[in-house]
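Results of the structural survey
What follows is the residue order along each chain.
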Amino acid sequence: MTTALLVIDAQASFLHRPFYRPDDVPAWLAAQNALIAGCRDAGVPIVRVYHVDGPHDAANPFAEESGHVRPFDGLADFDADATFVKHRHSALVGTGLDVWLTQQGVRRLIVSGIRTEQCCETTTRHASDLGWQVDYALDATLTFDMVQPDGQPLTAPQIKARTATVLQGRFAQVCSAAQALARLPAFETA
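Scope of this entry: the structure provided in the associated data block. Bear in mind that the values here come from a model prediction, so they are computed numbers and not experimental data. (Residues numbered from 1 in each chain as written. Predicted model: local features only at pLDDT ≥ 70, side-chain atom pairs only at ≥ 80, totals over all residues. Heavy atoms only, no water.)

Before going further, it helps to examine the overall build of the protein. Helix and strand counts for the protein come out as 6 helices and 8 strands. Seen in sequence order, the protein has helices and strands lined up from the N terminus as β-α-β-β-α-β-α-β-β-β-α-β-α-α. What you see for the protein is a C-alpha radius of gyration of 16 Å, in line with the 16 Å of a compact globule of 190 residues. Principal-axis analysis of the C-alpha atoms gives the protein an extent of 45 × 35 × 30 Å. At a minimum sequence separation of 6, the contacts of the protein that also span at least 24 residues come to 78%. About 8600 Å² of surface is accessible on the protein, with carbon and sulfur atoms providing 54% of the total. Taken together, the 15 basic and 21 acidic charged side chains of the protein have centroids lying 5 Å from each other. (Helix = DSSP H or I, 4+ residues; strand = E, 2+ residues; numbered from the N terminus. Rg over C-alpha atoms; globule rule 2.2 N^0.38 Å. Contact = heavy atoms within 4.5 Å. Areas by Shrake-Rupley, 256 points an atom, 1.4 Å probe, with all protein chains shown as cover. Lys, Arg positive; Asp, Glu negative; His and termini not counted. Charge placed at Lys NZ, Arg CZ, Asp CG, Glu CD.)

Here the focus is the sheet that holds strand β2 (residues 46-51). Taken together, 6 strands build an open sheet; the order of strands is β3-β2-β1-β4-β5-β8 and the sheet is parallel. If you trace the sheet from one side to the other, it starts and ends with β3 (82-86) and β8 (173-175), each paired once. The mean inter-strand angle of the sheet, taken between neighbouring strand axes irrespective of direction, is 25 degrees. Of the strand pairs in this sheet, strand β4 (residues 108-114) and strand β5 (residues 133-142) are connected by 6 bridges, and their pairing is parallel. Bridge pairing in β5 links R108 to Q133. (Pairing = 2+ DSSP bridges. Axes fitted to C-alpha atoms, helices over the stretch in contact; angles between N-to-C directions.)

Here the focus is the pattern of salt bridges. In the structure shown here, the tally under the stated rule is 8 salt bridges. Across the pair D9 and K86 runs a salt bridge, and its minimum N-O distance is 2.9 Å. Taken as a pair, D9 in the loop between β1 (3-8) and α1 (25-42) and K86 in strand β3 lie far apart in primary sequence, 77 residues in all. In terms of burial, D9 and K86 fall into one category: buried. The salt bridge partner of D81 is R40, with a shortest N-O separation of 3.4 Å. Taken together, the residues D81 in the loop between β2 and β3 and R40 in helix α1 connect sequence positions 41 residues apart. Judged by its relative accessible area of 40%, D81 is partly exposed. Residue R40 is classed as partly exposed on the basis of its relative accessible area of 34%. Sharing partners across several salt bridges, the network here consists of R108, D135 and R183. (Salt bridge = Lys/Arg side-chain N within 4 Å of Asp/Glu carboxyl O. Buried < 20%, exposed > 50% of the residue type's maximum accessible area, 1.4 Å probe, protein only.)

With that settled, the discussion passes to the environment of A156. Residue position: A156 is located in helix α4 (residues 156-167). When its relative accessible area of 3% is taken as the criterion, A156 is described as buried. Sequence separation of A156 and V134 is 22 residues, and the distance between their C-alpha atoms is 22 Å. Apart from residues no more than four positions distant in its own chain, A156 is found in contact with D24, T143, F144 and D145.

Now the structure itself:
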């Protein structure tokens, strides 16, 4: 296989953060689950990445002790071809993911998961710099509204537009989940 799907931080931890809003979750889950199903049907390896950090106690939703470092509610059930735990924004820092991808002969990554502008974008930039081709499936990423340093709101759609703008043509091919799946045959026979 020359392609792998990365499902980054699609974990229940986010349901327990003060910024969590469910508004965009149904659309994200539809795209994310379609991407998982399409990759599984095509025999493309699916990599699950969890984020774990902070104090090791049950009150921290990103601590394993919380019980929230598990698949996001509503995420399609799948057997991951590999699972990695990260402690940094990039899934390629200190996890061994880069070694696994190289051993599998992967040349192209499809990036999906939570959060659009943080771990998904950071992993994309890092992967591009290391030589992987990246399809950034924008609709299969989820983020939440933020507040800018000047106090002005920055909506999730604005964040996604900004991420698409800075990644496109520089670090990735920004596309939809459907477009990433449509490109599979070309990559898998190359």
